[in-house]
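Architecture and fold: a report
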Amino acid sequence: MASLSVQGAAAYKKKDGTLSIARDQKSLQWQPNGNEKPVQIAIAHITNLQQTPESAAKVMLKVFEKSPDAAESVTHLFHFNSPTNPRLEANAVKDALTNLISAIKAGDASVPKANGAAPASAAMAIASAVTSKSSSGSAKWYDDNALKFDIELQQSLMKKDPALHRTYMEARRTKPDTISDSQFNSQFWSTRTNILRAHGIEVNQKRGAYNVLSAVKPRQVDGELKMNISAEQVQLIFSQHPLVKKVYDQNVPKLNEMEFWSRFFLSRLFKKLKGERIVETDSTDPTFDRYLNDNNDTGLNERLLSLHIPHILDLEGNEENQGGSKGGNRADFTMRPGSAAKVPIVRTLNSLSEKIMAHVAPSDVDPADPIGMDEETFNALALRDLQGDAEENRIMLNIKQQSQFFANEKSAISTEALLYEKQIPAEVLSGLRIDIDPSRMSTRPSGGLDLSAAIGVLEDSDSEEEEDEKTPHVGSKASLVDAQKQILEGIKARRTEIDGSDSQASLSGLSQKIFDRLTLTHATTTEFLHHFWVLFLSGDADRAGELAKIVETLERAMDRINAVATDAEKEREDVIKRRKQEIRDHWERTGKKIHWSPNSVGGGEKVVKEMMQPTIKTIQKATKEYRKALAAEGVDAA
């Protein structure tokens, strides 16, 4: 049976099974879970599809089939009964069938075409089929529509990413009733096609060939050889080393398989194939030693030499270009032609690399291309370091005062800014001249002027006693403490940016439970904001009712944010209450007071509102634009 693409759990005539569309996209199949007879319907014979509405409790799909030799249509009723999401599976099957039926009708010669267009010729149809067959494997990952309707891939991704699965289920649970499951599913995944594409490529990757002899590591345990070798590794050994396959075919009937591999990994033949130098102390084995001088390739070198090699990679051209052995210094012994016994590891790895690369599809040069200096070869040989930088073809975006993108529209002015705003520059300069006037300064016993009074530092006094007597001066102890505090805060913030922060600091005092709720609320709210802007900017008047439901959902999202903030504040108050009780109990036991401030407890409603402030502003912006559009149309927003 062909492998299945779109499928769903469905009952047919009260028998459970699986309804699916074959990979060849030519038939609709129902495979029972038991021993009942399967049902197969040719998609070309389907004349009509009927599905229960979104509001219906049962999810059913009726398929009308009429074969060319039948007088009347035959109906098939399938009841989708998936325990997770039957509506989603039914919509996926129905949408896929609709697209396939439309494609069949578009290619039918009996169906009239717009503008008199005729169906494609047989030759074009064959060429198109060959092209699609060869490129369907890779083109699938570049087709956004195929990714959006690949239910199997989406479920695989959500199993791997639990956070994405929670976001999907929460957004689906809180979506407006006017949005069907199929519409929601399409919209949800349309913004995540890049994630689906990356996951699809990841799960369909296959491990390439590798040096398998170096990966198999036999070991001696109590004088007995122990090794782990799989059937896949055995096949890879036979593929990379045809000589081993030859030895295996000629000796395994005489030796059992376990004994063959045990003796092989201890033989001199294994060391030679691995690239190690054979020494006199190595153990001998007559069964394997008689193959030491046999050839280990199957005409690969001849095939490689027959191919055209670009000059930039042709090392044999050095012999001609440099004048052979008479020109320049003698080549290194690793580059001299000779037997593999001189440098076995180098020649063995080179030979193995050639074998592995021979099975890799070329991505740069086609061997069938004509030999010559084409543009691609010229670019490969060009000395790019001597060329100037290529002119950048892009629009430069220069941003000044980035803080204005993140600040509130009516941000409050800081206390320092208010202080500097009230100062008069002339008075500040006059006071500075008086402070640094040499005639007003005292002298030190060691000589020179005493600057302590000028900068407001009195070493014999405490700054706490002078705070009420005079305004803090530049350079005073209070100013130095304040400056030190600002510097340390900057260092801490910079360290957090570079090294990151621990889990507790990143929660900002919130518990993990509250933080997870807040994260989920933020993700679902962002999803509905995306829905809103897609509908709002589309200008489709037929979807005005759906847009109004989205706005109601956004307003309920504000209620969910406020609910999380309320729970966070209650949690913070509980922590403060417990801490106060601990301090009270400690004082009653020891009579000692513990200095503690409730402000040191993080979390609460303030932290939640700070984290969700951009989202709250975005919701307010969306509702404001919606009401503004209604007012422009003369519609009452209430």
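Here is what the cut-offs are and how they apply
- Residues numbered from 1 in each chain as written.
- Predicted model: local features only at pLDDT ≥ 70, side-chain atom pairs only at ≥ 80, totals over all residues.
- Heavy atoms only, no water.
- Helix = DSSP H or I, 4+ residues; strand = E, 2+ residues; numbered from the N terminus.
- Buried < 20%, exposed > 50% of the residue type's maximum accessible area, 1.4 Å probe, protein only.
- Contact = heavy atoms within 4.5 Å.
- Areas by Shrake-Rupley, 256 points an atom, 1.4 Å probe, with all protein chains shown as cover.
- Polar contact = N/O pair within 3.5 Å; in protein donor to acceptor, adjacent residues only side chain to side chain.
- Patch = residues over 30% accessible without salt bridge, like charges linked within 9 Å, V, L, I, M, F, W, Y side chains within 5 Å.
- Salt bridge = Lys/Arg side-chain N within 4 Å of Asp/Glu carboxyl O.
- Expected span 1.5 Å × (residues − 1).
- Axes fitted to C-alpha atoms, helices over the stretch in contact; angles between N-to-C directions.
- Parallel < 35°, antiparallel > 145°, perpendicular 65-115°, else oblique.
- Left-handed = near helix turned anticlockwise from the far one by under 90°.
- Nonpolar A, V, L, I, M, F, W, Y, C, P; charged D, E, K, R; others polar.

**Concerning the overall build of the protein**
- A tally of helices and strands in the protein yields 27 helices and nine strands.
- Burial status across the protein gives 28% buried among its 638 residues.
- Partitioning the intrachain contacts of the protein with sequence separation of at least 6 by distance along the chain shows that 54% fall at a separation of at least 24.
- Taken as a whole, the protein presents about 44300 Å² of accessible surface, with 53% of it coming from carbon and sulfur.

**What to know about the side chain of Ser 82**
- One can find Ser 82 in the loop between strand 7 (74-80) and helix 1 (86-106).
- Here the side chain of Ser 82 touches Thr 84 through a polar contact of 3.1 Å, side chain to side chain.
- A polar contact of 3.4 Å, which involves the side chain of Ser 82, links it to the side chain of Glu 89.
- Beyond its immediate chain neighbours, meaning those up to four positions away, Ser 82 contacts Ala 9 and Glu 89.

**A look at a nonpolar patch on the surface**
- Together, Ile 345, Val 346 and Leu 349 make up a nonpolar patch on the protein surface, roughly 210 Å² of accessible area in all.
- Residue classification places Leu 349 among the partly exposed residues on the basis of a relative accessible area of 37%.

**A closer look at helix 5 (residues 162-173)**
- The terminal C-alpha atoms of helix 5, which comprises 12 residues, lie 16 Å apart, in line with the 16 Å expected from a rise of 1.5 Å per residue.
- Residues Leu 164, Thr 167, Tyr 168, Glu 170 and Ala 171 constitute the buried set of helix 5.

**A word on the packing of helix 5 against helix 6 (residues 181-190)**
- The geometry of helix 5 relative to helix 6 is characterised by a closest axis approach of 11 Å and an angle of 140 degrees between their N-to-C directions. Judged by the inter-axis angle, helix 5 sits oblique to helix 6. Crossing handedness for the pair helix 5 and helix 6: right-handed. Between helix 5, through Leu 164, Thr 167, Tyr 168, Ala 171 and Arg 172, and helix 6, the contact on the second element is made entirely by Asp 181, Phe 184, Asn 185, Phe 188 and Trp 189.
- For the contact of helix 5 with helix 6, the residue count by class is six nonpolar, two polar and two charged.

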